[in-house]
Structure formats: C-alpha cells, structure tokens
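Close look at the chain arrangement
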Amino acid sequence: MRTKELVILSLFVAIGVALHAIVPPIFNGMKPDMMLLMMFLGIFLFPGMTNSGLLGIATGILSGLTTSFPGGLVPNIIDKILTAFLIYFLFLALKPLKQAIARAGILTVIGTLISGTVFLLAALLLVGLPGGAGFTALFLAVVLPATVINTIAMVIIYPIVESILKRSNVLSENK
C-alpha cells in the first residue's frame, strides 16, 4: 500500500465521520449511513484486500463510536467489515463492466442493502432493536432511503473524485 493511498483513504474515512455526524436521524433516532458512501468510494478507487480490510475496520469502529443507535458499536463493526469484503469481491466480479459509474451505482445499492441488513440482524441478535421497532419497519424506514441517498450521491461524487485523482496522478489504471 502506498502512502498516498493510505492518506486518501484516511481522508475518505474522515469525511465519512463528518457526514455521519451531521446527517439527521430519519426514523426512531436512526440515521442513514453516509459513511458507507466513503468506504465504497475508497474500495472502488483503490481496490485491494488490504485497503478493503482497513476501510472496513476503520469505518466500523468510527461509525460505531459515533452512532446514535443504542448498543450500535459491535453491530457497526460487524457490518462494515463484512460489507467491505463483500463489496470488494463483487467489485472484482463486475470488473468487466466498463461503465465505472454504473458499476459504482450498482455496487452502492447492493452494498447499502447488505450493510443495513447485516447491521439490523446483528443489532437484533446482540442488543435488540430500539423502541420496539421491528426489523421490517427499520429496513423500510432507514435502509431503503439510505440506499437511494447513497446511490445518488455516489453517481454524482464518483466521477468527480476519480477525475481529480487521475489529474493529480494519484489514481493508476488498476481499476
């Protein structure tokens, strides 16, 4: 892993923490997870097992520490690490898809749905769901809107960041 990559991935995680902190709750105190957007961006721009693992661990811990979900630390760590590796492997499987923006959008939809499902299942099993809300209610009220928001944001942000990194000679043709 190059130092430049590590610095940029760290910036993505920091931006994700800021987004995670400022996004308002939408249902029962739960927020859409905008930190996923930055984790996915890091995986798409700098694909690799090490990068995916580091992004999953860092975003899981930081997301867990800043969550408004009661007892959300461990479910966040579980969901981010698992999601990071699944998205990395799906990224490799979809590599033949030449439209990078379409690939990023598809993977963001899949990744956000996976992350939300894993988080809610882990929370249900480990600490329970808050306010008597059921899995389905939280999935419909939080995960689905987060999927739409993250996908729209990715389709807008991905080509901008990719263009900046290519012009600054940071991004190689490893995608």
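One can find the structure itself at the top, above this paragraph.
Residues numbered from 1 in each chain as written. Predicted model: local features only at pLDDT ≥ 70, side-chain atom pairs only at ≥ 80, totals over all residues. Heavy atoms only, no water.

Points about the packing of aromatic side chains
Applying the stated criterion across every chain, the model contains 6 aromatic pairs. Seen from their ring centres, Tyr 88 and Phe 89 are 5.4 Å apart, and the 55° between their planes marks the pair as tilted. Ring geometry for Phe 135 versus Phe 139: centroids 6.1 Å apart, planes at 15°, classification stacked. On the criterion of helical spacing, the pair formed by Phe 135 and Phe 139 is a turn pair, its members being 4 residues apart in helix α6 (residues 135-167). In this structure Phe 135 comes out as partly exposed when scored by relative accessible area, which is 25%. Judged by its relative accessible area of 18%, Phe 139 is buried. (Phe/Tyr/Trp six-rings, centres within 6.5 Å; stacked < 30°, edge-to-face > 60°. Helix = DSSP H or I, 4+ residues; strand = E, 2+ residues; numbered from the N terminus. Buried < 20%, exposed > 50% of the residue type's maximum accessible area, 1.4 Å probe, protein only.)

Focus on the environment of Lys 166
Along the chain, Lys 166 turns up in helix α6. When the C-alpha positions of Lys 166 and Pro 25 are compared, they lie 35 Å apart, and in sequence the two are 141 residues distant.

Topic: the packing of helix α5 (residues 100-126) against α6
Viewed as axis vectors pointing N to C, α5 and α6 meet at an angle of 155°, and their least axial separation amounts to 9 Å. Considering the angle they form, α5 stands roughly antiparallel to α6. Crossing of α5 against α6: the hand is right-handed. Here the contact of α5 with α6 is built from residues that sort into 17 nonpolar, 8 polar and no charged. (Axes fitted to C-alpha atoms, helices over the stretch in contact; angles between N-to-C directions. Parallel < 35°, antiparallel > 145°, perpendicular 65-115°, else oblique. Left-handed = near helix turned anticlockwise from the far one by under 90°. Nonpolar A, V, L, I, M, F, W, Y, C, P; charged D, E, K, R; others polar.)

Describing the environment of Ile 149
Here Ile 149 lies in helix α6. Through-space distance from the C-alpha of Ile 149 to that of Phe 40 is 14 Å; in sequence the pair is 109 residues apart. Setting aside residues up to four positions removed in sequence, Ile 149 forms contacts with Pro 32 and Met 34. (Contact = heavy atoms within 4.5 Å.)

A word on the pattern of salt bridges
Pairing is possible between side chains that carry opposite charge, provided their charged atoms lie close to one another. Counted under the stated rule, the structure contains 3 salt bridges. Two residues, Asp 79 and Lys 80, come together in a salt bridge whose shortest N-O distance is 3.1 Å. Lys 166 is paired through a salt bridge with Glu 162; the nearest N and O atoms lie 3.8 Å apart. Placement of the pair is Lys 166 and Glu 162 together in helix α6, with a separation of 4 residues, close to one helical turn. On the accessibility criterion, Glu 162 (11% relative accessible area) is buried. Here the salt bridges do not stand alone but share partners, grouping Asp 33, Asp 79 and Lys 80 into one network. (Salt bridge = Lys/Arg side-chain N within 4 Å of Asp/Glu carboxyl O.)

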